[in-house]
Amino acid sequence: QELRDNSTIDLGDLSVKKESLVKKKNDEVHEESWVQCDRCERWVHQICALFNTRQNKDQRSEYACPKCTIDERKAKGELEAKSSTPMAEDLPRTKLS
């Protein structure tokens, strides 16, 4: 069903006139941010690396890519990952769980 230009679109708590809307295509390509490994200088997508630029405003955080992290663990004989960060299984169970 086609809407006339003077039609009002009701969105629950908001009403909008069709003529006030702008037709756009979904063809924008957004630039992806990258982070460079401080050891081997490889580049990795920040989202893939779980690197948060908001936590690195002063540019002091070091980043090691997965390959360098694994190589470092092997060299130390520490093959199991160790983290003090709580994981999902550490969260308390609730009625909503």
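Not measured: the values here are computed from a predicted model.

A. Structural context of the layout of surface pockets. Within this model, the largest pocket holds a volume of roughly 530 Å³. Lining the largest pocket are 18 residues, with Thr-69, Arg-73, Ala-81, Lys-82 and Ser-83 sitting closest to its centre. Of all the secondary-structure elements, those providing two or more residues to the lining of the largest pocket are helix 1 (46-49) and helix 2 (66-76). It is helix 2 that provides the largest number of residues to the lining of the largest pocket, a total of five residues. Per-class residue counts for the lining of the largest pocket are nine nonpolar, two polar and seven charged.

B. Structural context of the nonpolar core. Val-35, Cys-37, Val-44, Ala-49, Phe-51, Tyr-63, Cys-65 and Cys-68 together form the largest nonpolar core, which totals eight residues. Discounting residues that sit within four places of it in the chain, Ala-49 has contacts with Val-35, Val-44 and Tyr-63.

C. Spatial organisation of unusual backbone geometry. Backbone geometry at Glu-41 places phi at a positive 70°, although glycine is not the residue there. Assignment of secondary structure puts Glu-41 in the loop between strand 3 (34-36) and strand 4 (43-45). Phi is positive for Leu-50, which is not a glycine, with a value near 55°. Secondary-structure assignment places Leu-50 in the loop between helix 1 and helix 2. A residue is classified by how much of its surface remains accessible, and Leu-50, at 76% relative accessible area, is exposed.

D. Broad picture of the packing of aromatic side chains. Under the defined criterion, the tally for this structure stands at one aromatic pair. Consider the rings of Phe-51 and Tyr-63, whose centres lie 5.9 Å apart with planes at 75°: the pair is edge-to-face. Of this pair, Phe-51 sits in the loop between helix 1 and helix 2 while Tyr-63 sits in the loop between helix 1 and helix 2, placing them twelve residues apart in sequence.

Thresholds applied
- Residues numbered from 1 in each chain as written.
- Predicted model: local features only at pLDDT ≥ 70, side-chain atom pairs only at ≥ 80, totals over all residues.
- Heavy atoms only, no water.
- 1 Å grid on protein atoms, 1.4 Å probe; cavity = no way out; pocket = protein on both sides within 12 Å on 5 of 7 lines; lining within 4 Å.
- Points joined across faces, edges and corners; volume = space filled by probe spheres on them.
- Helix = DSSP H or I, 4+ residues; strand = E, 2+ residues; numbered from the N terminus.
- Nonpolar A, V, L, I, M, F, W, Y, C, P; charged D, E, K, R; others polar.
- Core = buried A, V, L, I, M, F, W, Y, C linked by side-chain atoms within 4.5 Å.
- Buried < 20%, exposed > 50% of the residue type's maximum accessible area, 1.4 Å probe, protein only.
- Contact = heavy atoms within 4.5 Å.
- Phe/Tyr/Trp six-rings, centres within 6.5 Å; stacked < 30°, edge-to-face > 60°.

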